[in-house]
Amino acid sequence: MIGIARLALVGLLAIMAMSTARAEDALKAKIGVLRLSSSAPVFIAQDKGYFREAGLEVELKFFDAAQPIAVATTSGDVDFGITAFTAGLYNLAGKGTLKVIGGMSREKAGYPLIGYFASNNAYAAGLKTPKDLAGKRVAVTQVGSSFHYSLGLLADKYGFKLADVKIVPLQSLSNAAAALKGETVDAALLPISTARKLMDEGGAKFLGWVGDETPWQLGAVFASPKTLTNKVLVTKLLGALAKADREYHDVILAAMKDGVAPINDKTKPLLEIIAKYTNLPVEQVVGNCAYIDPDGKLDVKNVDNQIKWLQEQGFADKGFDANAIIAKDYVKAD
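From a predicted model like this one, the values you see are computed outputs, not experimental measurements.

Trainee: So what's going on with the overall build of the chain? Which residues, and what values?
Mentor: Counting its regular elements, the chain contains 16 helices and 13 strands. Taken over the C-alpha trace, the chain has a radius of gyration of 22 Å; the compact-globule value for 334 residues is 20 Å, and the two agree within 12%. Its C-alpha atoms put the chain at 85 × 45 × 30 Å along the principal axes. Buried positions account for 55% of the 334 residues belonging to the chain. For the chain, contacts bridging at least 24 residues in sequence account for 77% of all contacts bridging at least 6. Accessible surface computed for the chain: about 14,600 Å², of which carbon and sulfur atoms make up 54%.

Trainee: I'd like a description of the UniProt feature "domain: SsuA/THI5-like" (unreviewed entry) in the chain, backed by residues and values.
Mentor: UniProt feature "domain: SsuA/THI5-like" (unreviewed entry): in the numbering of this structure it lies at residues 39–193. Summarising residues 39–193: 38% helix, 25% strand, and an end-to-end C-alpha distance of 13 Å.

Trainee: Now, about the layout of surface pockets: what can you tell me, with residues and values included?
Mentor: Reported here for the largest pocket is a volume of approximately 250 Å³. If you trace the largest pocket, you find it lined by Leu34, Arg35, Leu36, Phe63, Asp64, Leu173, Ser174, Ser193, Thr194, Thr278, Asn279 and Leu280. Going through the elements one at a time, helix 8 (173–181) and helix 9 (192–200) are the ones with two or more residues in the lining of the largest pocket. Inspection of the lining of the largest pocket shows a minimum of three residues originating in each of domain 1 (27–106 + 216–278 + 290–324) and domain 2 (114–213).

Trainee: Let's hear about empty space enclosed by the protein: which residues, and what values?
Mentor: Where empty space is left can be seen by rolling a probe of water-molecule size over the atoms. All told, the structure shown has 1 cavity of 30 Å³ or more when counted by the stated rule. Empty space within the largest cavity amounts to approximately 210 Å³. Those elements that place two or more of their residues in the lining of the largest cavity are strand 3 (80–84), helix 7 (146–158) and strand 12 (219–223). Looking at the lining of the largest cavity, its residues break down into 14 nonpolar, 8 polar and 1 charged. No fewer than three residues from each of domain 1 (27–106 + 216–278 + 290–324) and domain 2 (114–213) sit in the lining of the largest cavity.

Reading guide: rules and limits
Residues numbered from 1 in each chain as written. Predicted model: local features only at pLDDT ≥ 70, side-chain atom pairs only at ≥ 80, totals over all residues. Heavy atoms only, no water. Helix = DSSP H or I, 4+ residues; strand = E, 2+ residues; numbered from the N terminus. Rg over C-alpha atoms; globule rule 2.2 N^0.38 Å. Buried < 20%, exposed > 50% of the residue type's maximum accessible area, 1.4 Å probe, protein only. Contact = heavy atoms within 4.5 Å. Areas by Shrake-Rupley, 256 points an atom, 1.4 Å probe, with all protein chains shown as cover. UniProt positions renumbered as here; feature names shortened; annotations may be inferred. 1 Å grid on protein atoms, 1.4 Å probe; cavity = no way out; pocket = protein on both sides within 12 Å on 5 of 7 lines; lining within 4 Å. Points joined across faces, edges and corners; volume = space filled by probe spheres on them. Domains from an automatic or database assignment. Nonpolar A, V, L, I, M, F, W, Y, C, P; charged D, E, K, R; others polar.

What follows is the structure, given as structure tokens:
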């Protein structure tokens, strides 16, 4: 009996040693991300162990705006950034300090993500729809941000000058929401996850969705040239994300109706993961599911259009296009 016990102990120690070795062998990576549903596949891959299965030990670092993620990726504070395109990101990429390696969220009709919201006073004074934003004070996170670009697309659609809109850059989503509630701006572009509390408390009015007004490629996966030298790391990370992209699309997005995902035995586990990382109840997550291509494809043509628009506005440096900032070995073009 003692011999059997000793054998069992030896076996247990061997298993523990193997587990420790595997943990030590795992490639480490830090990902910069926002607590938004637009990053749902990242949360799914982390929580369901897809990164770990790929041989990665991933740490998520959370930010409150997109541009700081691009800066952190360039500086090496994080290895990968997953967030919205901004003028600052494009400028860094144009200088060769960042490369886009995959697609993430998109503004798409029928998938609520970023909305236009009015202050109560402005709404009462006639600001009822997105096309009424001309001449108004509108809060965004930063000049040249995805929110700013969305306003530019809206101006082009309805034939007013973007210069007629008073852009108020407030550096973070929380600051923009506070300004809207405090009536120091007439309107703001906010993700529904940020704006919902305002609306529930009667502090803002909904005007419309960016995806319904002007669909475009909102987010991407990117990395520094230094990170890209580790091809094994990049391939493993994109593989894990691809698995999560497909699951998120097939389970949640495919079940959505009128912009809302149902809560059932199939969708609930994934919705609970998104709720966990976005700090929202599941009942709010269901109406806040961003569209993401099931194959992680990137709309390269739209990315090129974004760059040209930002260059025309003076927000992005000239001399580069989409082809110059994309890592072609990894990007699946749409």
